[in-house]
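# Remarks on the overall topology
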Amino acid sequence: MNKLSLFIFERIPSLYDALDLENSEIQMNEEGYLEFLSRFLSTILALEKQQAYERVLEYSDLLLTISEQSFIDIEKIKLEFAYYAHFNTTIKIGKISTNLGMMYQHANNVNESYKYFKISIDAGIRSNNIPILANAYDNLSTLYLGISDFANALASNELALIEYRKLQDHLSEARNIGAIGVIYYYMNDLDRAKEYFQIAYDECEKHQYKRGMSNWIGNIGNVHAERGEYDFALTQYSQAMNISIELKDDQKIGLWKGNIADLYFDMNKYDEAVPLYTEAIQTLEHYGEIVNALHFRCQYSRLFTLPNMNLLGVEDAKDYISHCLEMSITYGLKKEEYLSHSVLSSLYEKYQDWEKALHHHKEYVSIKQLVHSKEIEESARNFDFGRRLQKMEEERSLELARLHQKESMLHDLLPGGISDRIINGEELVAELYQDIAIMFCDIVGFTEISERLGPESTIRSLNTFYTSFDSIIQKHGIEKIKTIGDCYMAASGLFDRESDYIHNIMLCAAQILQLTTELTFIDGTPLQVRIGLHAGNAMAGVLGDKKYTFDVWGDTVNTSARMEAYGHPGAIQITESMMRSLNLSRLPQLQLWKEHMIQVKGKGEMKTALLTLVK
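Residues numbered from 1 in each chain as written. Predicted model: local features only at pLDDT ≥ 70, side-chain atom pairs only at ≥ 80, totals over all residues. Heavy atoms only, no water.

### A word on the overall build of the chain
- Looking only at helices and strands, one finds 27 helices and 8 strands in the chain.
- Across the chain, every contact between residues at least 6 apart in sequence was considered, and the portion connecting residues at least 24 apart equals 60%.
- Carbon and sulfur atoms make up 50% of the accessible area of the chain, which amounts to about 30500 Å² in all. (Helix = DSSP H or I, 4+ residues; strand = E, 2+ residues; numbered from the N terminus. Contact = heavy atoms within 4.5 Å. Areas by Shrake-Rupley, 256 points an atom, 1.4 Å probe, with all protein chains shown as cover.)

Shown next, in the form of structure tokens:
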């Protein structure tokens, strides 16, 4: 059983069986993964057709987890991204696009990384999903830091911090505060960096989050090392190392060994630095920490320029540092890039190759000035003021986006006048409406037909029918109230009080009846309906405070529903009172079939009229 098969088997054994992984091992290559993806998505789609939505969610989450575990490469995750985009599942799109952004970031494709992080932010705003927003802003900050865009790194970090505070996620908040310290550290603003590192450490200590404690006490050590306070730095690194040893965190142990090696180099303890550099680089590369390993390779290469430190031959030393330079450019690491130029300049100077020494020195000065230009550093140092302005603007933009989204949804869900009242802050929307007409339209034999067709064909048919009904009532100013399974409910006279509400709804009923003679289910079964109408007074209002529903209640509604229930296929049944209010000559497409007495539950005996289409 390979790694991916085992991963699935341990989490959802039923899916392992469904994908037949026991008899068909997945090969960890492009062809094998595409076969696996095809089987996986087919299984999910089959479950959707069966309306097994809990299992769909469970399997979809596993597919997302597989991508996050990096069993697959960028192109395969993009297939998954396209799958969820097809179904417009915004939250999944947000999560997967964040993952794609991170993978492109590791591949040093800044443009693609930025694109997918922005997609994540958009998905987070549209779904009002705070964790997605926080994570996307967080990653965007890291992206900006990698290209030495300190001001935008701080701005993105601040936006992430706002979202984490909404979640009351104290550890993520602490990590973000520490990340602000990292940005200031890269800008050589050591006082401010230490301040943020200390806040992050204190928060992690309060929650006894050991990994965070190790990380931020080690970063405080970096500040002391940068200041030349070596004893303090060594104490902090030792504390960080001890916590990492306690946690058996080999990656962090490798990092602290590299930092201590840097410290020993600055203290001129070169012989002690060499083995620590070697161990740090080997450990970090073993765990795929390429960027950190590259940093220490660049630091280690400084030893080649020192007298009496003949660790490598001249050509091997040049090749080693040149490789560091190429990797720094590939990964967009400006600090390591100018450090490599500095080391190459010193190395060529050591061997009196003045022309190349001058060339690399110029490159070193040029790149370092670009990274630490006064303009860039000043804009970032003064960021406290700009950050607050930008924060206010970003918050305002987010709120506006959410408000527009809410308004759009309300206008889609509710009648125009009702949605405007809710948007304007009205908490209770309830009215008594005089003289309105209610229509119920029910599909004859729907239960038997739907069992024969299955869910997908049934929904497709209903969607065709109801879309056509919607088009008819909109032309006549009628309000659709709701659909209840195969029953369609509408009301006339709710908001347009000047119109002939009875004539309008009868005209709609006649046109719907005419339309049913032209429509069929997907399998060719003719569409037949019963329609019931009654007019009178009714109450109407909005229920709920998040998932709003506009509804109508009262005796008029109940009587109209009874007219439909006791009606006949292909006919419109109306009450005697409504028949008296009707001018049938204005409806030439309808004819009176018969007037009769019926026994109505809860009403007793009632006189009604049945109308049919003129032959």
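Once you've had a look at it, read on.
### A word on the packing of aromatic side chains
- One pass over the full model with this rule turns up 14 aromatic pairs.
- Ring plane angle 70° and centroid distance 6.0 Å describe the contact between Y300 and Y320, whose orientation is recorded as edge-to-face. Here Y300 is found in helix α16 (residues 290-301), whereas its partner Y320 is found in helix α17 (residues 314-330), with 20 residues between them in sequence. Take Y300 and Y320: they sit in the same class, and that class is buried.
- Within the aromatic cluster, the residues linked to one another by ring pairs are Y277, Y300, F304 and Y320.
- Just above the ring of F265 sits the side chain of R302; from NZ or CZ to the centre is 3.8 Å.
- The residue whose ring lies beneath K594 is W593, and the NZ or CZ to ring-centre distance is 4.9 Å. (Phe/Tyr/Trp six-rings, centres within 6.5 Å; stacked < 30°, edge-to-face > 60°. Buried < 20%, exposed > 50% of the residue type's maximum accessible area, 1.4 Å probe, protein only. Lys NZ or Arg CZ within 6 Å of the ring centre and 35° of its normal.)

### With respect to helix α26 (residues 555-565)
- By the burial criterion, the buried members of α26 are T556, V557, T559, S560, M563 and E564. The buried residues of α26 occupy an angular sector of 165° when projected down its axis, which confines them to one face. (Arc of directions from axis to C-beta.)

### Regarding helix α18 (residues 334-350)
- For α18, with 17 residues, the first-to-last C-alpha span of 24 Å sits near the 24 Å given by 1.5 Å per residue.
- For α18, every residue scored as buried is listed here: E336, E337, Y338, L339, S340, H341, V343, L344, S345, L347 and Y348.
- Residue Q352 follows α18 closely and has a positive phi angle near 60°. (Expected span 1.5 Å × (residues − 1).)

### Topic: the packing of helix α8 (residues 130-146) against helix α9 (residues 150-167)
- Running from N to C, α8 and α9 cross one another at 160°; their axes reach a closest spacing of 8 Å. Between α8 and α9, the interaxial angle falls into the category roughly antiparallel. Classified by chirality, the crossing of α9 by α8 is left-handed. Contacts between α8 and α9 involve I130, P131, L133, A134, N135, Y137, D138, L140, S141, Y144 and L145 from the former and F150, N152, A153, S156, N157, L159, A160, E163, Y164, K166 and L167 from the latter.
- For the contact of α8 with α9, the per-class residue count stands at 14 nonpolar, 5 polar and 3 charged. (Axes fitted to C-alpha atoms, helices over the stretch in contact; angles between N-to-C directions. Parallel < 35°, antiparallel > 145°, perpendicular 65-115°, else oblique. Left-handed = near helix turned anticlockwise from the far one by under 90°. Nonpolar A, V, L, I, M, F, W, Y, C, P; charged D, E, K, R; others polar.)

### Here's the deal with the pairing of strand β2 (residues 479-484)
- Of the strand pairs in this sheet, β2 and strand β3 (residues 487-492) are connected by 5 bridges, and their pairing is antiparallel. Bridging across to β3, E479 finds its partner in A491.
- From the end of β2 to the start of β3, which pair antiparallel, there are 2 residues, and G485 there has a positive phi angle of about 65°. (Pairing = 2+ DSSP bridges.)

### Structural notes on the pattern of salt bridges
- All told, the structure shown has 22 salt bridges when counted by the stated rule.
- With its nearest N and O atoms 3.2 Å apart, the salt bridge here joins R452 to D523. Of this pair, R452 sits in helix α23 (residues 446-453) while D523 is found in the loop between α25 (501-516) and β4 (529-543), placing the two residues 71 residues apart along the sequence.
- Put simply, D470 and K480 hold a salt bridge, and the shortest N to O gap is 3.4 Å. In this pair, D470 is assigned in helix α24 (residues 455-475) and K480 in strand β2, connecting sequence segments 10 residues apart.
- With relative accessibility at 32%, the residue K480 sits in the partly exposed group.
- The network of salt bridges with common partners includes D262, D266 and R302. (Salt bridge = Lys/Arg side-chain N within 4 Å of Asp/Glu carboxyl O.)

### Focus on a nonpolar patch on the surface
- Taken together, the side chains of L432, M539, L543 and W553 define a hydrophobic patch exposed on the protein surface, amounting to about 400 Å² of accessible area.
- Structurally, W553 can be placed in strand β5 (residues 549-553). (Patch = residues over 30% accessible without salt bridge, like charges linked within 9 Å, V, L, I, M, F, W, Y side chains within 5 Å.)

### Regarding unusual backbone geometry
- In the Ramachandran plot, Q208 falls in the positive-phi region, its phi being about 50° despite a non-glycine side chain.
- Inspection of the secondary structure puts Q208 in the loop between α11 (190-206) and α12 (210-226).
- One non-glycine residue with positive phi stands out, namely D435, at about 55°.
- Residue placement: D435 occurs in strand β1 (residues 430-443).

### A closer look at the state of the cysteines
- One pass over the structure, following the stated rule, counts 0 disulfides.
- In this structure C324 is a free cysteine whose sulfur lies 4.3 Å from that of C298, the closest cysteine sulfur available.
- Taking relative accessible area as the criterion, C324 reaches 1% and is therefore assigned buried.
- Free cysteine: C441, not disulfide-bonded; nearest cysteine sulfur from C487 at 7.4 Å. (Disulfide = S-S within 2.5 Å.)

### Quick look at the confidence of the model for the chain
- When pLDDT is averaged across the chain, the result is 78; 73% of the residues are at 70 or more.
- For the chain, helix α20 (residues 374-381) is the element with the lowest average pLDDT, namely 48, and strand β6 (residues 571-575) is the one with the highest, namely 95. (pLDDT = per-residue confidence, 0-100.)

### With respect to the nonpolar core
- F197, Y277, Y300 and L303 are the most contacted members of the largest nonpolar core, which has 80 residues in total.
- Residues in contact with L303, not counting those within four places in the same chain, are F265, Y270, V274, Y277, M309 and L311.
- Judged by nonpolar contacts, the second largest core, of 44 residues, contains I472, F521, A535 and A609. (Core = buried A, V, L, I, M, F, W, Y, C linked by side-chain atoms within 4.5 Å.)

### So, the pairing of β6
- In terms of burial, β6 is a largely internal element, 5 of the 5 residues being buried.
- Going residue by residue along β6, you find A571, Q573 and T575 tucked away on one face and I572 and I574 tucked away on the opposite face as well.
- Alignment of β6 against strand β8 (residues 604-613), held across 4 bridges, turns out to be antiparallel. Considered in β8, the bridge of T575 is made with T608.

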